[in-house]
Amino acid sequence: MKQPLLKVEGLRKHFGGLKAVDGVDFQVDRGEILGILGPNGAGKTVCFNMISGIYKPTGGRIFFDRARTDGLPPFRLAAMGLGRTFQIVKPFTSLTVLENVLVARGIAHYGRFRRIWGPWRSKDQVAAAMGILEQVGLAELAGRKAGLLPLGNLRRLEIARAMVVGRKLILLDESFSGLRHGEVSRLEDLIRTIRQMGITVLLIEHNLRVSMKLCDRIVVLDHGRKLAEGTAEQIQSNQQVIEAYLGRRRRKNAAGG
Amino acid sequence: MHLFLEQLLNGIAMGSIYALVTLGLALVYGILRILHVAHAAIYTVGAYVGLAVFKLSGSLLLGFGGAMVFCAALGVAIERFVYYPLLKYPPYVPLIGSIAVMLAIEELCRLVAGPYILTFPAKLPLAAVKLGNVTISSTLMAVYAITALVLAILWYITTRTEIGLAMRATSQDMAIADAMGINSHRVVSATFVLGSAIAAVAGVLVGIYYNQVYPTMGAVPAYKTLALIVVGGMGSVPGAVIASLLLGVAETLLIGYARIPLPRDALAFIAMIAVLMWRSEGLLGSR
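None of the values given here were measured: they were computed from a predicted structure.

Chemist: How would you explain the overall build of chain A if you had to name every residue and give the values?
Modeler: Looking only at helices and strands, one finds nine helices and 10 strands in chain A. Against the compact-globule benchmark of 18 Å for 257 residues, chain A has a radius of gyration of 19 Å, which places it among compact chains. With the principal axes as the frame, chain A shows a C-alpha extent of 55 × 40 × 40 Å. When contacts within chain A are restricted to residue pairs at least 6 apart in sequence, long-range pairs at least 24 apart make up 66% of them. For chain A, the exposed surface amounts to about 11800 Å²; the carbon and sulfur share of it is 50%. One finds the centroid of the 41 positive side-chain charges in chain A at a distance of 4 Å from the centroid of its 23 negative side-chain charges.

Below you can see the structure in the form of structure tokens.
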């Protein structure tokens, strides 16, 4: 029997009168890739921000790895093994690519007063960080200042940091947006590799083709509510989804081949 | 030549003390983007606490230690109760708060210790050094040695330890640092502990150096250090240290040795204006 790694129940977030997320339930099983789909303003990123601790939910409950986590601060969730990327890439621009990953490697020490005085550039740490950079394909750029990297590489750097922090779950917030075609397929491969490492992936995606291909299951949000949930085929044939979101686009895709 | 060397040595000592105060300001600006004017008041409190502990215990080491602990706590209290709640407002709001805290602390010192100039009758336990015909007094030696020690420890912490890396990450982007598992608020507090403890050291040193402790002794450093972090490059600790040393030397050499008819305290601002005109990012700042 599959066990949920992450479960949200009746999740709500209101900003004044705006109901950004209004009663969403879903769960992510261990080892799966779950996609969250929806038009702009559907509440996808707000959901992410609640799951990763940046926002406190107005209501509802979040369970991560069997513990209740709604309202916990982000650094606590990170320490529990939840890593994330951001829609707008935010590297530590004045640190090098390697140092960016080493900041994430520090996660094993930040909670313990005595260990934070240790050196961060030790051989093991650097070797482990280089291993991650190797996996995401940034090893040659390790010494480069992160602020000088182009967007595609920055997305990889963010994923590298998220892989270090997210021992159990990685949240990817539109990691494909703005990427060229070749970069998209390389990133798809990387995400599959991450899953093979035993890490569960929850991703927000705009690009329908990518998410249909990559995700085991898809949750569709619209106006802060869950519209549908299921496999790619189920979503594609769901009448409500077609009307609300896919309708025009599906016809266009079909026409375009 | 003799007088020149002596003034140069005094200048380096002056500059060292400026550096100890200014680097706290640079640390805080680097991490919170706040002008921590009340830092100079922490330095005043450091001098008073150091003097009080010294008088009670007779031990200068305890005086330094007591001042550092007290000021670290005071710095964290200011951060928690004044700056942190004001962070969501535009930067002039915490600045006003900071000025208010500075005035309040100054008045408190006046109320508690009286509006007098107290003497600080301590001898620093270091031997005077003779270099040719120039003597470096034990006080100067102590200022050099203590500054060098503090800078070395600070350099080690910020560049070599995990907490230093966390501080650099936090000063770049608190939200991302949090997502990397760093309790960024605690890192901010740690920054205040460091900066304030160092300001306490500076306060005690100045008290001994001039043999004076008085409530408004932080007033001149308060605005001089503001000019210095602009010259050094906002938020750059090495820049702040270099700017401070240069200013200390320039003040004693230009005013004391070359006898340029300018008020001593004007130099910092002339330097600031020059920097703003020709190199607005400061000596070591980034644009």
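Chemist: Could you give an account of the packing of aromatic side chains, with specific residues and numbers?
Modeler: Throughout the structure, instances matching the rule amount to six aromatic pairs over all chains. On the basis of an interplanar angle of 45 degrees and a centroid distance of 5.5 Å, the ring pair of Tyr 223 of chain B and Phe 269 of chain B is categorised as tilted. Here the residue Tyr 223 of chain B occupies a position in helix α9 (residues 219-232), and Phe 269 of chain B occupies one in helix α11 (residues 266-278), the gap between them amounting to 46 residues. The exposure class assigned to Phe 269 of chain B is partly exposed, which follows from its relative accessible area of 26%. Positioned above the aromatic ring of Phe 86 of chain A is the side chain of Arg 84 of chain A, whose terminal nitrogen or guanidinium carbon lies 4.2 Å from the ring centre.

Chemist: Before we move on, can you summarise the state of the cysteines with the specific residues and values?
Modeler: All names here are of chain A. Considering all chains together, one arrives at zero disulfides over all chains under this definition. Lacking any disulfide linkage, Cys 215 is separated from the closest cysteine sulfur, that of Cys 47, by 15 Å. Here Cys 215 falls in the buried class, since its relative accessible area comes to 8%.

Chemist: Any chance you could break down a nonpolar patch on the surface for me, citing the residues and the numbers?
Modeler: Among the surface-exposed residues, Leu 254, Ile 260, Leu 262 and Ile 270 of chain B lie close enough to one another that they form a single nonpolar patch of about 290 Å² accessible area. Position of Ile 270 of chain B among the secondary structure elements: in helix α11.

Chemist: How would you sum up the sheet that holds strand β1 (residues 4-15) of chain A? Please name residues and give values.
Modeler: All names here are of chain A. Reading across from one edge, β2-β1-β4-β5 is the order of the four strands in this open sheet, with antiparallel pairing throughout. At either end of the open sheet lies a strand with only one pairing partner, and these are β2 (18-29) and β5 (67-68). Here nine bridges tie β1 to β2, and the two strands are oriented antiparallel to one another. Within the sheet, the bridge partner assigned to Val 8 lies in β2 and is Phe 26. Helix-sheet contacts for helix α1 (residues 44-51) involve β1, β2 and β4 (59-64), and the interaxial angle to β1 is about 115 degrees.

Chemist: Just give me the short version of the interface of chain B and chain A, but keep the residues and values in it.
Modeler: Contact with chain B, which involves 20 residues of that partner, is made by 27 residues of chain A. Summed over both partners, the interface of chain B with chain A comes to about 2300 Å²; 67% of that surface belongs to carbon and sulfur atoms. Of all residues in chain B, Glu 162, Leu 165 and Met 180 of chain B give up the largest surface area on contact with chain A, accounting jointly for 32% of the area buried on that side. One can count one salt bridge joining chain B with chain A.

Chemist: Which residues make up the nonpolar core, and what are the values?
Modeler: In this structure, Val 103 and Leu 133 of chain A together with Phe 120 of chain B are the most contacted members of the largest nonpolar core, which totals 138 residues. Apart from the residues within four sequence positions on either side, Val 103 of chain A is in contact with Phe 92, Leu 95 and Tyr 110 of chain A together with Leu 165, Ala 169, Met 180 and Ile 182 of chain B. By size, the runner-up hydrophobic cluster in this structure holds 28 residues, among which are Val 46, Cys 47, Met 50 and Leu 169 of chain A.

Chemist: Can you break down the pattern of salt bridges residue by residue, with the values?
Modeler: Two side chains that carry opposite charge are able to pair once their charged atoms sit near each other. Residue and element names in this part refer to chain A. According to the stated counting rule, one finds 23 salt bridges over all chains in the structure shown. Put simply, Asp 216 and Arg 195 hold a salt bridge, and the shortest N to O gap is 2.8 Å. With Asp 216 in the loop between α7 (208-214) and β9 (217-222) and Arg 195 in helix α6 (residues 181-196), the pair connects residues that are 21 residues apart, well separated along the chain.

Chemist: How would you sum up the side chain of Thr 170 of chain B? Please name residues and give values.
Modeler: All names here are of chain B. Mapping Thr 170 onto the fold places it in helix α6 (residues 162-172). The exposure class of Thr 170 is buried, given its relative accessible area of 1%. A polar atom in the side chain of Thr 170 sits 2.7 Å from the backbone oxygen of Ala 166. Not counting residues within four places of it along the chain, the set of residues in contact with Thr 170 comprises Ile 31, Ala 177, Ile 182, Ser 184, Val 187 and Val 188.

Chemist: Tell me what's going on with the sheet that holds strand β3 (residues 33-37) of chain A, and back it up with residues and numbers.
Modeler: All names here are of chain A. Reading across from one edge, β6-β7-β8-β3-β9-β10 is the order of the six strands in this open sheet, with mixed pairing throughout. Looking at the sheet topology across the chains shown, the edges are occupied by β6 (82-84) and β10 (225-230). Shown here is a sheet whose adjacent strand axes are inclined to one another by a mean of 20 degrees, direction ignored. Across the sheet, α1 is in contact with β3, β6, β7 (169-173), β8 (200-204) and β9; its angle to β8 comes to roughly 145 degrees. Together, β3, β7 and β8 form the strand contacts of α6, whose direction differs from that of β8 by roughly 145 degrees.

Chemist: So what's going on with unusual backbone geometry? Which residues, and what values?
Modeler: Residues apart from glycine generally show negative phi values, whereas peptide bonds are mostly found in trans. All names here are of chain A. Despite not being glycine, Glu 174 shows a phi value in the positive range, around 50 degrees. By the secondary structure assignment, Glu 174 is in the loop between β7 and α6. A relative accessible area of 7% places Glu 174 in the buried class. Non-glycine residue His 223 carries a positive phi angle of around 50 degrees. Checked against the element boundaries, His 223 lands in the loop between β9 and β10.

Chemist: Quick rundown of the pairing of β4 of chain A? Include the residues and the values.
Modeler: For a regular strand, the rule is simple: side chains alternate between the two faces of the sheet. Residue and element names in this part refer to chain A. Pairing of β1 with β4 involves five bridges; the strand directions are antiparallel. The residue of β4 that forms the bridge with Val 8 is Ile 62. As defined by bridge partners, β4 adjoins β5 across two bridges and the pair is classed as antiparallel. Across the sheet, residue Phe 64 finds its bridge partner in β5, namely Ala 67. Once β4 ends, the chain turns through two residues before running back antiparallel as β5, passing Asp 65 with a positive phi of about 55 degrees.

What counts and what doesn't
Residues numbered from 1 in each chain as written. Chains lettered and ligands numbered in written order. Predicted model: local features only at pLDDT ≥ 70, side-chain atom pairs only at ≥ 80, totals over all residues. Heavy atoms only, no water. Helix = DSSP H or I, 4+ residues; strand = E, 2+ residues; numbered from the N terminus. Rg over C-alpha atoms; globule rule 2.2 N^0.38 Å. Contact = heavy atoms within 4.5 Å. Areas by Shrake-Rupley, 256 points an atom, 1.4 Å probe, with all protein chains shown as cover. Lys, Arg positive; Asp, Glu negative; His and termini not counted. Charge placed at Lys NZ, Arg CZ, Asp CG, Glu CD. Phe/Tyr/Trp six-rings, centres within 6.5 Å; stacked < 30°, edge-to-face > 60°. Buried < 20%, exposed > 50% of the residue type's maximum accessible area, 1.4 Å probe, protein only. Lys NZ or Arg CZ within 6 Å of the ring centre and 35° of its normal. Disulfide = S-S within 2.5 Å. Patch = residues over 30% accessible without salt bridge, like charges linked within 9 Å, V, L, I, M, F, W, Y side chains within 5 Å. Salt bridge = Lys/Arg side-chain N within 4 Å of Asp/Glu carboxyl O. Pairing = 2+ DSSP bridges. Axes fitted to C-alpha atoms, helices over the stretch in contact; angles between N-to-C directions. Buried area = accessible area lost by both parts, 1.4 Å probe. Core = buried A, V, L, I, M, F, W, Y, C linked by side-chain atoms within 4.5 Å. Polar contact = N/O pair within 3.5 Å; in protein donor to acceptor, adjacent residues only side chain to side chain.

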